[in-house]
Amino acid sequence: MPLELAIILPAATLILVSALHLRSIRQDRAVEAAIERGFNEVLAIGEKNMNQQAYELLDEIRLRFPAPNEACSVTLDTLLASHPYAAHAFLYDPGVGMVFRSRPLRLNEPGFRAESADLQKMMEDWMKLDYPTLVERISKIEKKGTPYFVFANWAPRGDKHAYQPVALFLQHDPAGGETAIGGIAFDPEFLRDRFFPNFLDTMLIHGSNPEQPEKNHAVLVLVPRGESSPLAASADWDGGTPEAERNLEAVFPGLTLGIKLRGTTVEALGRHFMISSFLVLGALSVLLAGGIWLTLRNVSRQMELARLKSDFVSNVSHELRTPLSLIRLYAETLELDRLSGEEKRQEYFRIIRKESERLSALINNILDFSRIEAGRKEYDFRDTDIADLVRNTLEAYRYQIQQHGFTLEEEIADDLPRLRVDREAIARSLLNLVNNSVKYSAEDKFLRVSLYRENESLKLEVLDHGIGIPRNEHRKIFEKFYRSGDPLVHTTKGSGLGLSLVRHIVEAHQGEIRVDSAPGQGSRFIITLPIPPPVPYNGRAA
Ligand code: ADP
């Protein structure tokens, strides 16, 4: 059906495409890749900022460095005293030789003394050997924008080594003499205990709200290349392997900056994302399917109703036409006065009366129905002897029923209570039921109307030996316009309004109607009307 396809196809495509998309995200590990890309960016920015800070510290000292020809020991000592992050400072002038100074206050520490002696010796040997190449190398770096050539020195600390970057730079002689090479060695303990931890902590605080740290926030670590234990880490570093790493070059060669998520892994995050996405998609699909089901059900009901309405129009016009043309035919014949005997005339009059009664019954049904539909139907409830009402109604139609060849049985119990009902409406309900029994009976023409009391209700029953109604139609026959697909029903006149009217009327009386029937077994329609409890006697005479 095109309508169903028009709704189901786009929805199914949407769900399928989303599922495939999610699957490809999972297969390509796209979530993990995106997080890792983010990590690499953080690391690159981190290195840049760390270099920047280190350059600022180095510049502080370099710009105050003595010129190549000046006597510089005192100047270097002063510089070291006022810049505690530097452990050693030196100046190598090829003409004068090496002036190497270390922080005087720390020289009484054996480790520091060894570090100072080692570095001084190494620098002197290196400068003597390689001065021209070094100058060339530093000039090249200078041209690229930073004045420093930094190498990593591993300062002895007992049986271990401390990481110590040493920055070399060119110190040009304003008087035009030879260029000297200046050097600043960072203090390893300052870097390890203050510079690195501060930097690692502030770096991530920029990215997240310090008041409310995210649950799975990132943590950073600095590890000397080739070693496993960290040199420094974020305050809440929880161990484990970094998810992304970057080998530092410019100011901190030999170190690797790593990043990972605290308390979880990128893989777990990716898995969690996939699971929750599939769950959301599943829930959405269920909602969508429910919505589609409701829409289709509604639409098919509306379409069914539209079909029933158009059937109704053709049925009603047909039902109006037949009695009208009969009335006209017989009236014309009477007018021409060509009939032989009085008996014939009487029969013609009877036919005209019968057909007009059928017409008015049909029109009454339609009028009642339209009043009910518009919510304007009013009932006139009066205290009534139901037994009398049923008896009189049947009496008025007994002749007609028997004319159709029906055996009519009447079983009305004695002593039935009086009820407040709309007499006309109840009589019309009974007539509709009786009429249906007459219409929908084939050979076995039998009809029984019973009225009796059962507990706190009154039952009005119409039973026939007619064609019967299949189980699946027991509810539908009470809907407006509904007519069964049985061939006999098809050839019989009807509007499909009768039973829906009866149901309305019965419900307006707080009662109910039900049917007991099977194809070929006849039908029994039972109207149940509640008997109100008797008003308690209050002891006062009326
Ligand atoms: P109508 O008789 O005008 O078609 P109703 O609302 O009175 O409309 O009845 C609805 C349908 O219920 C009928 O078309 C018929 O198929 C079925 N029906 C009603 N009464 C009987 C009955 N006594 N025996 C068999 N079928 C019946």
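Residues numbered from 1 in each chain as written. Predicted model: local features only at pLDDT ≥ 70, side-chain atom pairs only at ≥ 80, totals over all residues. Heavy atoms only, no water.

## Details of the pattern of salt bridges
Phase 1 of the analysis: One pass over the structure, following the stated rule, counts 35 salt bridges.
Phase 2 of the analysis: Note that Arg 307 and Glu 304 form a salt bridge whose closest N and O atoms lie 3.1 Å from each other. Residue Arg 307 and its partner Glu 304 are both found in helix 6 (residues 266-336); the two are separated by three residues, about one turn of the helix.
Phase 3 of the analysis: Residue classification places Arg 307 among the partly exposed residues on the basis of a relative accessible area of 41%.
Phase 4 of the analysis: Given a relative accessible area of 33%, Glu 304 falls into the partly exposed group.
Phase 5 of the analysis: Three or more residues joined by partner-sharing salt bridges are found here, namely Arg 106, Glu 109, Glu 115, Arg 157, Asp 187 and Glu 189. (Salt bridge = Lys/Arg side-chain N within 4 Å of Asp/Glu carboxyl O. Helix = DSSP H or I, 4+ residues; strand = E, 2+ residues; numbered from the N terminus. Buried < 20%, exposed > 50% of the residue type's maximum accessible area, 1.4 Å probe, protein only.)

## A few points about the site of the ligand
Phase 1 of the analysis: Lining the immediate environment of the ligand, one finds 21 residues, of which Asn 436, Tyr 440, Arg 483, Ser 495 and Leu 499 sit closest.
Phase 2 of the analysis: Within the side chain of Lys 439, one N or O atom sits 3.1 Å away from an oxygen atom of the ligand.
Phase 3 of the analysis: Those elements that place two or more of their residues in the shell around the ligand are helix 9 (423-439), helix 11 (498-508) and strand 16 (523-530).
Phase 4 of the analysis: Broken down by element, the residue count for the shell around the ligand peaks at three residues, all from helix 9.
Phase 5 of the analysis: A breakdown of the residues in the shell around the ligand according to their chemical character gives nine nonpolar, nine polar and three charged. (Near = heavy atom within 4 Å. Polar contact = N/O pair within 3.5 Å; in protein donor to acceptor, adjacent residues only side chain to side chain. Nonpolar A, V, L, I, M, F, W, Y, C, P; charged D, E, K, R; others polar.)

## Looking at the packing of aromatic side chains
Phase 1 of the analysis: The full count for this structure, using the stated rule, is 18 aromatic pairs.
Phase 2 of the analysis: Consider the rings of Trp 126 and Phe 149, whose centres lie 6.5 Å apart with planes at 70 degrees: the pair is edge-to-face. Note that Trp 126 is positioned in helix 4 (residues 110-143) and Phe 149 in strand 3 (residues 149-157), a separation of 23 residues in sequence.
Phase 3 of the analysis: Given the relative accessible area of 23%, Trp 126 is considered partly exposed.
Phase 4 of the analysis: For Phe 149, a relative accessible area of 10% corresponds to the buried category. (Phe/Tyr/Trp six-rings, centres within 6.5 Å; stacked < 30°, edge-to-face > 60°.)

## Some points on the sheet that holds strand 4 (residues 160-171)
Phase 1 of the analysis: Overall, antiparallel pairing links the five strands, which are arranged 2-1-5-4-3 in an open sheet. Strands with a single pairing partner mark the edges of an open sheet, and in this sheet they are strand 2 (97-102) and strand 3. Between one strand axis and the next, the sheet turns through 20 degrees on average, direction left out of account.
Phase 2 of the analysis: The strands touched by helix 2 (residues 30-62) are strand 1 (86-93), strand 4 and strand 5 (180-186); relative to strand 5, the strand with the most contacts, the crossing angle is about 130 degrees.
Phase 3 of the analysis: Relative to the sheet, helix 4 contacts strand 1, strand 2, strand 3, strand 4 and strand 5, its axis offset from that of strand 3 by approximately 165 degrees. (Pairing = 2+ DSSP bridges. Axes fitted to C-alpha atoms, helices over the stretch in contact; angles between N-to-C directions. Contact = heavy atoms within 4.5 Å.)

## Examining the domain arrangement of the protein
Phase 1 of the analysis: Taken domain by domain, the protein consists of domain 1 (2-52 + 196-207 + 215-264), domain 2 (64-186), domain 3 (296-374) and domain 4 (382-530).
Phase 2 of the analysis: Taking only C-alpha atoms into account, the centre of domain 3 sits 20 Å from that of domain 4.
Phase 3 of the analysis: Each side of the interface is counted separately: domain 3 has 21 residues, and domain 4 has 16 residues.
Phase 4 of the analysis: When domain 3 packs against domain 4, the two sides together hide about 1800 Å² of surface, and 63% of this comes from carbon and sulfur. (Domains from an automatic or database assignment. Buried area = accessible area lost by both parts, 1.4 Å probe.)

## Description of helix 7 (residues 342-373)
Phase 1 of the analysis: Here helix 7 spans 46 Å end to end across 32 residues, near enough to the 46 Å set by a 1.5 Å rise per residue.
Phase 2 of the analysis: Of the residues making up helix 7, those classed as buried are Tyr 348, Ile 351, Ile 352, Glu 355, Leu 359, Leu 362, Asn 365, Asp 368, Phe 369 and Ile 372.
Phase 3 of the analysis: For helix 7, the secondary structure elements touched by its buried residues are helix 6, helix 9 and helix 11.
Phase 4 of the analysis: Once helix 7 finishes, Gly 375 follows within two positions and takes phi at roughly 70 degrees, a positive value. (Expected span 1.5 Å × (residues − 1).)

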